[in-house]
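Geometric and topological summary
Here is what each chain is made of, one letter per residue.
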Amino acid sequence: MQIYYFFSVVQKLAASFCIFACEIKFFWLVTTDSRATFGSKFGVILASVGSAVGLGNVWRFPYEAGANGGGAFLAVYLCCVFVLGIPMLLAEFYVGRATHRGAVGAFRKLTGNPFFSRLGYLGVLSSLFILGFYPVVAGWTFEYIWQSLTGNLTGLTSEEFSASFGAFSSSVWRPLLWVVAFLLLTHLIIAGGVQKGIERCSKMMMPVLFVMLVVLCIRSLMLSGAREGLEFLFKFNPSDIHPSVVLSAMGQAFFSLSLGAGCMITYASYFGQSTDLPRTAKVVALLDTLIAVLAGVVIFPAVFTFGIAPTQGPNLVFVTLPNIFSQLPMGNLWSLLFFVLLAIAALTSVISIHQVVTAYVEEEFRLSHAKSTTVVTVVAIVLSVFGSLSLGLLGNLTIGGMCLFDAMDYATAKILMPLGSMFISIFLGWKIGRTKLVDELTNGGTVRFRMAGLIAFVLKYVAPILIGLIFLSELGIIII
Ligand code: PHE
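So, here is what we can say about the structure in this document. It should be emphasised that the depicted structure is a prediction, and the values quoted were computed from it without experimental measurement.

1. Observations concerning the overall build of the protein
A count of helical and extended segments in the protein gives 18 helices and 2 strands. Here the C-alpha radius of gyration of the protein, 24 Å, is about what a compact globule of 480 residues would show, namely 23 Å. Taken along its principal axes, the extent of the C-alpha atoms in the protein is 90 × 55 × 45 Å. Looking at the protein as a whole, 56% of its 480 residues qualify as buried. Long-range contacts, defined here as pairs at least 24 residues apart, represent 83% of the contacts in the protein between residues at least 6 apart. In the structure as shown, the protein presents an accessible area of about 20400 Å², 68% of it carried by carbon and sulfur atoms. Computing the positive centroid from 28 side-chain charges and the negative centroid from 21, the protein places the two 11 Å apart.

Encoded structure:
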């Protein structure tokens, strides 16, 4: 009897100890800023560049430039990056670094305003939608790597290339296999944490990507159509600038710099207090633009050498390029190099999108990093399975006349991301104000930043008006 009593006391003591320990852990989580940070300046830059450089640069930029007049598009694109892109990058860096929270927590910490404090949800929602289509395209790069390795991308006519891409992307199992493989790889890296996973992987992969791109550029410049291709990309003809070119260039600049999806906010929440925000923003914008231009230098000379129209649209990379590679000596090697490059670019971007949602789940639901990563990977797999199947089996399931894949792409690139950026600029320009903004951007006055005042002005007036106008005209509400 006494032994039984003794055990029950021990049991109760153990139970209260567990509760006490949990409370201490909870208290510790709440009161200490145990948040992970990137380990070095180099890591900060490469992780942010890794997020920015993605399918947007190597897949989307060339086809958008091709469809919108080449040089004219490039000129407007550069203006958008410098006039809107850098200020918006700084705005997101401000929100993340000043709060050290993921997108949702960051706005809540910055303001009690019922509208602006919920702005982070827009970013998380964008990232969720992006997870529904972006990994699908990323998965296709695995298929093309496989096809290059097995030597299947040779000896087809252009119609056959087009038909085989159509058959593959609308089939059920193969794209699913690749998208799941891609997301599991992303999962492994995110599970490693901010420094050992994201930062280490970006430090390894971004230099490799750059070297591969330079090798491909050199090969492309040796082709007979190099001159014509470069002329198309760089020759500026002002009469080619139409409103639709401006719209496409701005959308592309935002997508390419990962703006409006909570991504740069989340990454900046892992920046240290001494990170030089203006320099980081400039380097990220410059490298992102350089890589997009280099991708153009790879693609247009090749396109002109083989007399193919540069205005192919999204198929440019998956149909036209394999066709071109197959006509070159050692074609499989070049296509392997190109699709590995595309896969690396996509991977570091998918990691950043996944991390936005993972940070949200981890902070808002107080789950461990491992559990949050798993939850988000499962959600991403479900979304992208629907995204992939919507190109074939579930093609009849449409929203506003678009299949799910196109609807998710449209909802993010054309609605949620510009809207998110517009509200962020209004919030910073009008609610946070110039003094706090300049203080954070200069690390309390210790970093020289002569443009700080100009950035505050752009965020207050220029960005909301320009983005607002472009947004309304995208939706067909006004015509400019
Ligand atoms: N910037 C990435 C690209 O160019 C895409 C992206 C968008 C990444 C939004 C994160 C958030 O491919």
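That covers the picture; the talk isn't over yet.
2. Considerations on unusual backbone geometry
Peptide bonds are trans in most cases, and residues, glycine excluded, mostly fall at negative phi. Of note in the backbone geometry, Ser-258 takes a positive phi value of approximately 55 degrees without being a glycine. With respect to the helices and strands, Ser-258 occurs in the loop between helix 11 (243–256) and helix 12 (263–268). Positive phi is not limited to glycine here, since Met-330 has a value of about 55 degrees. With respect to the element layout, Met-330 can be found in the loop between helix 14 (315–326) and helix 15 (331–364).

3. So, the state of the cysteines
This model, assessed by the stated rule, comprises 0 disulfides. A disulfide-free cysteine, Cys-80 has its sulfur positioned 6.8 Å from the sulfur of Cys-79, the nearest such atom.

4. A few points about the environment of Leu-419
Within the secondary structure, Leu-419 is located in helix 17 (residues 404–441). In this structure, the C-alpha to C-alpha distance between Leu-419 and Ile-467, residues 48 residues apart in sequence, is 7.9 Å.

5. Examining the site of the ligand
Neighbouring the ligand are 17 residues, the closest being Ala-52, Gly-56, Tyr-134, Phe-255 and Ser-258. One of the backbone nitrogen or oxygen atoms of Ser-51 is found 3.3 Å away from a nitrogen atom of the ligand. For the ligand, an oxygen atom lies 3.3 Å from a polar atom in the side chain of Asn-57. Considering the ligand on its own, with 320 Å² of exposed area, one finds that the protein chains cover 100% of that surface. Counting only elements with at least two residues in the shell around the ligand, the list comes to helix 2 (41–52), helix 3 (55–67), helix 6 (120–149), helix 11 and helix 15.

6. Some words on the packing of aromatic side chains
Evaluation of the coordinates by the stated rule reveals 32 aromatic pairs. The interplanar angle of 70 degrees and the centroid separation of 5.7 Å between the aromatic rings of Trp-59 and Tyr-63 together place this pair among those described as edge-to-face. With Trp-59 and Tyr-63 both in helix 3 and 4 residues apart, this pair spans about one turn of that helix. Judged by relative accessible area, which is 9%, Trp-59 ranks as buried. We note Arg-60 situated over the ring of Phe-255; from NZ or CZ to the ring centre the distance is 5.1 Å. Its guanidinium or amino end placed over the ring of Trp-430, Lys-460 lies 4.4 Å from that ring's centre, counting from NZ or CZ.

7. Notes on the nonpolar core
Among the nonpolar cores identified, the biggest contains 159 residues, and Phe-318 and Leu-428 are the most heavily contacted of them. Top element by residues in this core is helix 15. It accounts for 18 residues. When sequence neighbours within four positions are dropped, the list of residues in contact with Leu-428 reads Ala-91, Tyr-94, Val-95, Gly-433, Leu-437 and Leu-459.

8. Focus on the packing of helix 6 against helix 8 (residues 173–191)
In a pair of packed helices, the angle between the axes and the distance between the axes together describe the arrangement. The geometry of helix 6 relative to helix 8 is characterised by a closest axis approach of 8 Å and an angle of 105 degrees between their N-to-C directions. For the element pair helix 6 / helix 8, the angle class is roughly perpendicular. Within the contact between the two elements, helix 6 uses Pro-135, Val-136, Ala-138, Gly-139, Trp-140, Phe-142, Glu-143, Trp-146 and Gln-147 and helix 8 uses Arg-174, Pro-175, Trp-178, Val-179, Ala-181, Phe-182, Leu-183 and Leu-185. A class-by-class count of the residues in the contact of helix 6 with helix 8 yields 13 nonpolar, 2 polar and 2 charged.

9. Quick look at the side chain of Ser-352
Here Ser-352 shows up in helix 15. Reaching out from Ser-352, the side chain makes a polar contact with the side chain of Ser-51 at a distance of 3.0 Å. With sequence-adjacent residues up to four places away left out, Ser-352 is seen in contact with Ser-51, Cys-263 and Tyr-267.

10. A look at a positive patch on the surface
A surface patch of positive charge is lined by Lys-41, Arg-279, Lys-282, Arg-448 and Arg-450. Tracing the backbone through its elements, the reader meets Lys-41 in helix 2.

11. Let's talk about helix 16 (residues 369–389)
In a regular helix each residue adds 1.5 Å, so 21 residues correspond to 30 Å; helix 16 covers 30 Å between its end C-alpha atoms and thus fits that length. If you check which residues of helix 16 are buried, you get Ser-372, Thr-373, Val-376, Thr-377, Ala-380, Ile-381, Ser-384, Gly-387, Ser-388 and Leu-389. In this fold, the buried residues of helix 16 make contact with helix 6, helix 7 (158–169), helix 8, helix 15 and helix 17.

So, how was this worked out
- Residues numbered from 1 in each chain as written.
- Predicted model: local features only at pLDDT ≥ 70, side-chain atom pairs only at ≥ 80, totals over all residues.
- Heavy atoms only, no water.
- Helix = DSSP H or I, 4+ residues; strand = E, 2+ residues; numbered from the N terminus.
- Rg over C-alpha atoms; globule rule 2.2 N^0.38 Å.
- Buried < 20%, exposed > 50% of the residue type's maximum accessible area, 1.4 Å probe, protein only.
- Contact = heavy atoms within 4.5 Å.
- Areas by Shrake-Rupley, 256 points an atom, 1.4 Å probe, with all protein chains shown as cover.
- Lys, Arg positive; Asp, Glu negative; His and termini not counted.
- Charge placed at Lys NZ, Arg CZ, Asp CG, Glu CD.
- Disulfide = S-S within 2.5 Å.
- Near = heavy atom within 4 Å.
- Polar contact = N/O pair within 3.5 Å; in protein donor to acceptor, adjacent residues only side chain to side chain.
- Phe/Tyr/Trp six-rings, centres within 6.5 Å; stacked < 30°, edge-to-face > 60°.
- Lys NZ or Arg CZ within 6 Å of the ring centre and 35° of its normal.
- Core = buried A, V, L, I, M, F, W, Y, C linked by side-chain atoms within 4.5 Å.
- Axes fitted to C-alpha atoms, helices over the stretch in contact; angles between N-to-C directions.
- Parallel < 35°, antiparallel > 145°, perpendicular 65-115°, else oblique.
- Nonpolar A, V, L, I, M, F, W, Y, C, P; charged D, E, K, R; others polar.
- Patch = residues over 30% accessible without salt bridge, like charges linked within 9 Å, V, L, I, M, F, W, Y side chains within 5 Å.
- Salt bridge = Lys/Arg side-chain N within 4 Å of Asp/Glu carboxyl O.
- Expected span 1.5 Å × (residues − 1).

Function cannot be read off these values alone, since they describe shape.
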